[in-house]
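Descriptive structure summary
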Amino acid sequence: MKRSTIIILIVFMFLSFIALIVIQARYINVNAEMIENQFDESVRRSLLSTVILVEENEALEYLAQTLEANSYTLNTNLQSKGSSLDSLNLNKIDTMARGITHDHHNHRSSQIHLSTRHGKATIEETSKYLQDKFRKEFSRSKTILDQAVFRWLGEGSNKSIRERIDFIELNYILEKFLTNNGIDLPFYYSVIDKKGREIFRCKKDFHTDKVENVRSVYKQRFFPLEETNNEVYLQVTFPTKKNFILGSMHLLFPTIILVMLILTIFVIAIFVIFKQKQLNNIKNDFVNNMTHELKTPISSISLASQMLQDPGIGKTPESIKNISKVIKDETLRLSRMVEEVLKLSLFETEQSTFKMKEMHINELISHTFEIFSLKVANKEGKITTVLKAKDDLILADEVHFTNVIHNLVDNALKYSDKPLLLNIETWNEKNLLMISIEDNGIGVPKEDHKRIFEKFYRVPTGNQHNVKGFGLGLAYVKKIIQEHNGTIKIDSEINVGTKFIIALPTLKYTEYE
C-alpha cells in the first residue's frame, strides 16, 4: 500500500473519530444540563413550598392567639351574666341546628313542621332569622381574622427571625418537601441575611469551611411578599450534586469507554502499520544490499575459475597462488554473508534452541585476546584485559556467546579511525557478572543509542557507508544476551569512543533462581 493511501485513510479515520467524540460530548453535555435543570427546578419548588408553609404557620399562630384572647373575654362575660344567658345560648344553638326539619317518620303525610321556639311561625320569618344569624357569625369571624392580621402586621416585622421561625420545624418541613419532590441527597442548610452573614446553621456533619460550587447552592427568601429591609434567606447546599448528576448518566459511560477503546485500537493499528512498513522497507534494503554484496564475491570467484581454465594464461606458481588467494578471500566473504543470513533466521524464530553449558568468561575473554591481538596490532593498536571477576562461571551457549564477544570486538576494529585502544574488563556486582568492552573509536550519537540494537538499523553516515554491513550484528548481540537473562547497555560519545556493558547472572544465582 502506498504511503499516500495510508495517510488519506488515517486522515479520514481521524476526522471520523473527532466527529464521533464531538457528538458524544455534546450528547453527554445536553443530558447533564437536562438532569441538572430538573434537579434545580425540584429544589426551587421545594424551597418555595417550605417558606410558604413557614409563613402560613406564622399566620395560623397569630390567629390562634387571637381566638384564645377572644375566648378568654367571652368566658369572662359569661361568668358575670349567670346561668340565664347559658339557657338562652342553648336555645339559639338548638334553633340553628333544627331551623327546618323533615319528619322522616311521617313522610307519608308530607307535612313540614316548623320550630316555634324562636317565636317565628312562617317560612319567610324563619329564613330571615337564619340570614341575620349568618351575617352576625360572618361578621364575628371577619372581626377575629382582621384582629389576627393587624397583630401579624404590627408585630411580625418587628420580631427577630429566631422568634418568627421554629428551626426544628423548618428542618422537618424542608426534608419533607425535598423528599416529596424526589430529592434524596445529603444536604445542609443555613439561614442568612442579605449580606450573607449566617444567622443559623443546621447541626449536620458537613465541612462548610471550604468554598462550595455555586451551582450546588440554592437560596430562597423568607416571607417573599413582605416589604422589609431586613431580608432573610434560606440557603441550602448539596455537596454531592455533581456526583448525583454523573451517577444519573451511568448508562452513557459504557459508550465512552467503547469509543476510547476503539480510538486506542485505531492508534495501535496505525503504529503497527507504520512500523511494519518501516521494517518492510528496511528488509527490502537488506535484500537489495545483500544481493549486491553477493554479486561481488561470486563474480570474483567466477573470474578466477575462468582464469584457471583459460589456456592462454600462463600457469606459473605465483599466478596460481594469487588466484587461489582471491578464491579463498571471496569464499570467506561469502561465508560471512551466509552467517548474517543465519542471524536473520534466528530473529524470525520465536523460540531459539541453545545448548547451554557451564562457561568461564575469563577464559573466553583470554582466548578472544589471543585471536584478535594480531589484528589489533596490525592497526597499530593495543588490547588490554582486566579480569577482576572472581565468580565468572555462567550457564551459556558456547557458540552464540562466543559470537557475542567476537562481534563487539570486531565492531571496535571496524569502526576505529585511529590506532585502536581496546580495553576488556570483568567484575562482580552482587550476584551478577559484569563485562565491559571499551574502545576509542568514532563513537555513536546519543540520539541513536536507543535504536542501535534494532534489527537492520545502521547509524546514518550520509550517502556512503565506509564499513560494509547489514545492521544485524548488535541486534544479534542483544537477542543472545536477553536469551541468557542478561542486559546490555551502551555508553558512547562522538569521536571519543564506545563502551558496552553486559550484565549476566552467575551460575550460583541461576541455580538459586
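No experiment lies behind these values; they were computed from the predicted model shown.

For the rest of this paragraph, the subject is helix 10 (residues 398-414). For helix 10, built from 17 residues, the straight-helix expectation of 24 Å at 1.5 Å per residue is met to within 8% by its first-to-last C-alpha distance of 24 Å. Within helix 10 the residues assigned to the buried category are His-400, Phe-401, Thr-402, Val-404, Ile-405, Asn-407, Leu-408, Val-409, Asn-411, Ala-412 and Leu-413. With a side-chain oxygen positioned 3.1 Å from the backbone nitrogen of Val-399, the residue opening helix 10 is Asp-397.

All right, on to the packing of aromatic side chains then. Applying the stated criterion across every chain yields a total of eleven aromatic pairs. Relative to Phe-200, the ring of Phe-167 has its centre 4.1 Å away and its plane inclined at 5°; by these criteria the two rings are stacked. With a gap of 33 residues between them, Phe-167 in helix 5 (residues 167-180) and Phe-200 in strand 4 (residues 198-201) connect regions that are remote in the sequence. Seen in terms of ring centroids, Tyr-218 and Phe-238 are 5.9 Å apart; in terms of plane orientation they differ by 75°. Their pairing is edge-to-face. Taken together, the residues Tyr-218 in strand 5 (residues 217-221) and Phe-238 in the loop between strand 6 (232-237) and helix 6 (241-248) connect sequence positions 20 residues apart. Three or more aromatic residues joined by ring pairs form one cluster here, namely Phe-39, Phe-167, Phe-187, Tyr-189, Phe-200, Tyr-218, Phe-238 and Phe-244. It is Lys-219 that lies over the ring of Tyr-233; its NZ or CZ is 5.2 Å from the centre.

The next thing to look at is the environment of Lys-315. Along the polypeptide, Lys-315 turns up in the loop between helix 7 (253-309) and helix 8 (317-348). Not counting chain neighbours up to four residues away, the residues in contact with Lys-315 comprise Met-307, Leu-308, Asp-310 and Ile-320.

This paragraph deals with the pattern of salt bridges. Close approach of charged atoms allows side chains with opposite charge to pair. On inspection of all chains with the given rule, the structure shows ten salt bridges. Between Glu-36 and Lys-241 there is a salt bridge whose closest N-O contact spans 3.0 Å. Linking Glu-36 in helix 1 (residues 3-81) with Lys-241 in helix 6, this pair joins segments that are 205 residues apart in sequence. For the pair shown, Glu-36 and Lys-241 are each scored as buried. Within this structure, Glu-36, Asp-40, Arg-215 and Lys-241 form a network of salt bridges that share partners.

This part is about the pairing of strand 6. The buried fraction of strand 6 amounts to five of the six residues, a majority that puts the element mostly inside the structure. Pairing of strand 3 (residues 188-193) with strand 6, which is carried by six bridges, proceeds in the antiparallel orientation. The partner of Val-191 across the bridge, within strand 6, is Leu-234. Across five bridges, strand 5 lies against strand 6 in antiparallel orientation. Counted as the bridge partner of Arg-221 is Tyr-233 from strand 6.

Rules used in this analysis
- Residues numbered from 1 in each chain as written.
- Predicted model: local features only at pLDDT ≥ 70, side-chain atom pairs only at ≥ 80, totals over all residues.
- Heavy atoms only, no water.
- Helix = DSSP H or I, 4+ residues; strand = E, 2+ residues; numbered from the N terminus.
- Expected span 1.5 Å × (residues − 1).
- Buried < 20%, exposed > 50% of the residue type's maximum accessible area, 1.4 Å probe, protein only.
- Polar contact = N/O pair within 3.5 Å; in protein donor to acceptor, adjacent residues only side chain to side chain.
- Phe/Tyr/Trp six-rings, centres within 6.5 Å; stacked < 30°, edge-to-face > 60°.
- Lys NZ or Arg CZ within 6 Å of the ring centre and 35° of its normal.
- Contact = heavy atoms within 4.5 Å.
- Salt bridge = Lys/Arg side-chain N within 4 Å of Asp/Glu carboxyl O.
- Pairing = 2+ DSSP bridges.

Fair warning: the whole summary comes from geometry, so function is off the table for now.
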